[in-house]
Amino acid sequence: MKKQYAVIGLGRFGGSMCKALADQGMEVLAIDIDEDRVNEFSNVVTHAVIADSTDEGVLKSLGIRNFQHVVVAIGDNLQSSILTTLILKEMGVEKITVKAQNDYHEKVLRKIGADKIIHPERDMGVRIAHQIVSNNVLDYLELSDEHSIVELVATKKMNNKSLIELDIRAKYGCNVVAVKRGKDIYVSPQADQSIHQGDVLIVIGGDKDINRLEKQMA
Ligand code: ADP
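Below, the structure is looked at part by part. (Residues numbered from 1 in each chain as written. Predicted model: local features only at pLDDT ≥ 70, side-chain atom pairs only at ≥ 80, totals over all residues. Heavy atoms only, no water.)

### Overview of a nonpolar patch on the surface
Here is step 1: A contiguous nonpolar surface patch, about 290 Å² in accessible area, is contributed by Met124, Ile128 and Ile132.
Here is step 2: Along the chain, Ile128 falls in helix α6 (residues 120–133). (Patch = residues over 30% accessible without salt bridge, like charges linked within 9 Å, V, L, I, M, F, W, Y side chains within 5 Å. Areas by Shrake-Rupley, 256 points an atom, 1.4 Å probe, with all protein chains shown as cover. Salt bridge = Lys/Arg side-chain N within 4 Å of Asp/Glu carboxyl O. Helix = DSSP H or I, 4+ residues; strand = E, 2+ residues; numbered from the N terminus.)

Next comes the structure, spelled out in structure tokens:
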């Protein structure tokens, strides 16, 4: 059976999520308290309904419990976001992802059992900052406070050298987990994998180590 998703709150974040899920052929129920927002999505998703998600009766009548994954994307209204999450949790929804506004919001969401808490603006800010600071960083994913995965463009200094010659693991304590070259991708490359300028290296490691690697290879 097809997985069913529900997105509550059709602002910029919830709205783009609905579009992306629908584009991937998923069944999506979109919910918002605002009629105009709902109308905007009626042709995009499987069902779009006007409803206040803090009303337990309404969520029950929509059969929200049967959805495999519910995303709460209510922006500013912390009270509505928290209450909605609590109701979904009490109903036994399998997986609940919630967009958090700040650390306080996150703390409460964690306490009431949200499965995944996201901070799109904060995370995107950090990612873009990394891309701006270094011309060679294409993308950046934070794994913990101190560890990340980055996409680094191989520089002239790396050209025609093998991974063993570059000795990235010993010198910088980072691991190259894949090398992308045009449409090809070499996952878990061997030590003798040669690198060409312009290849994209997917590197995992400590933030300080990755920074050193970026600077010395620039
Ligand atoms: P973003 O920052 O992603 O653009 P917004 O704060 O603009 O998010 O949008 C949040 C959406 O959530 C709005 O469309 C708003 O109408 C909707 N919303 C707020 N409270 C409720 C609620 N109780 N039930 C359903 N939708 C709600």
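### Let's talk about the environment of Val98
Here is step 1: Looking at where Val98 falls in the secondary structure, it is placed in strand β5 (residues 95–99).
Here is step 2: Along the sequence, Val98 and Leu109 sit 11 residues apart, while their C-alpha atoms lie 7.8 Å from each other.

### What to know about the side chain of Glu106
Here is step 1: Structurally, Glu106 is set in helix α5 (residues 103–111).
Here is step 2: Since its relative accessible area comes to 15%, Glu106 is described here as buried.
Here is step 3: Aside from chain neighbours lying at most four places away, what touches Glu106 is Ala100, Ile117 and His119. (Buried < 20%, exposed > 50% of the residue type's maximum accessible area, 1.4 Å probe, protein only. Contact = heavy atoms within 4.5 Å.)

### Considerations on the site of the ligand
Here is step 1: What surrounds the ligand is a group of 19 residues, the closest being Arg12, Phe13, Asp32, Arg37 and Asp52.
Here is step 2: Backbone polar atom of Phe13 to an oxygen atom of the ligand: 3.0 Å apart, as the coordinates give it.
Here is step 3: Note that an oxygen atom of the ligand is positioned 3.5 Å from one of the backbone N or O atoms of Gly75.
Here is step 4: Burial of the ligand by the surrounding chains reaches 85%, relative to a free accessible area of 580 Å².
Here is step 5: Here the residues of the shell around the ligand sort into 6 nonpolar, 6 polar and 7 charged. (Near = heavy atom within 4 Å. Polar contact = N/O pair within 3.5 Å; in protein donor to acceptor, adjacent residues only side chain to side chain. Nonpolar A, V, L, I, M, F, W, Y, C, P; charged D, E, K, R; others polar.)

### Observations concerning the side chain of His105
Here is step 1: Along the chain, the position of His105 falls in helix α5.
Here is step 2: The class for His105 is buried, based on a relative accessible area of 0%.
Here is step 3: A distance of 2.9 Å separates the side chain of His105 from the backbone nitrogen of Gln101, its partner in a polar contact.
Here is step 4: Setting aside chain neighbours within four positions, we find His105 in contact with Leu78, Ser81, Ile82, Lys99 and Ala100.

### Remarks on the sheet that holds strand β7 (residues 137–142)
Here is step 1: Taken together, 5 strands build an open sheet; the order of strands is β7-β8-β13-β10-β11 and the sheet is antiparallel. Lying at the two open borders of the sheet, with one neighbouring strand each, are β7 and β11 (184–187). Neighbour-to-neighbour, the strand axes of the sheet open up by a mean angle of 15°, direction not taken into account.
Here is step 2: Pairing of strand β10 (residues 175–181) with β11 involves 4 bridges; the strand directions are antiparallel. When the bridges of β11 are listed, Arg181 appears paired with Asp184.
Here is step 3: Contacting β7, β8 (147–153) and β13 (200–206), helix α9 (residues 207–217) crosses the sheet at an angle of about 140° to β13. (Pairing = 2+ DSSP bridges. Axes fitted to C-alpha atoms, helices over the stretch in contact; angles between N-to-C directions.)

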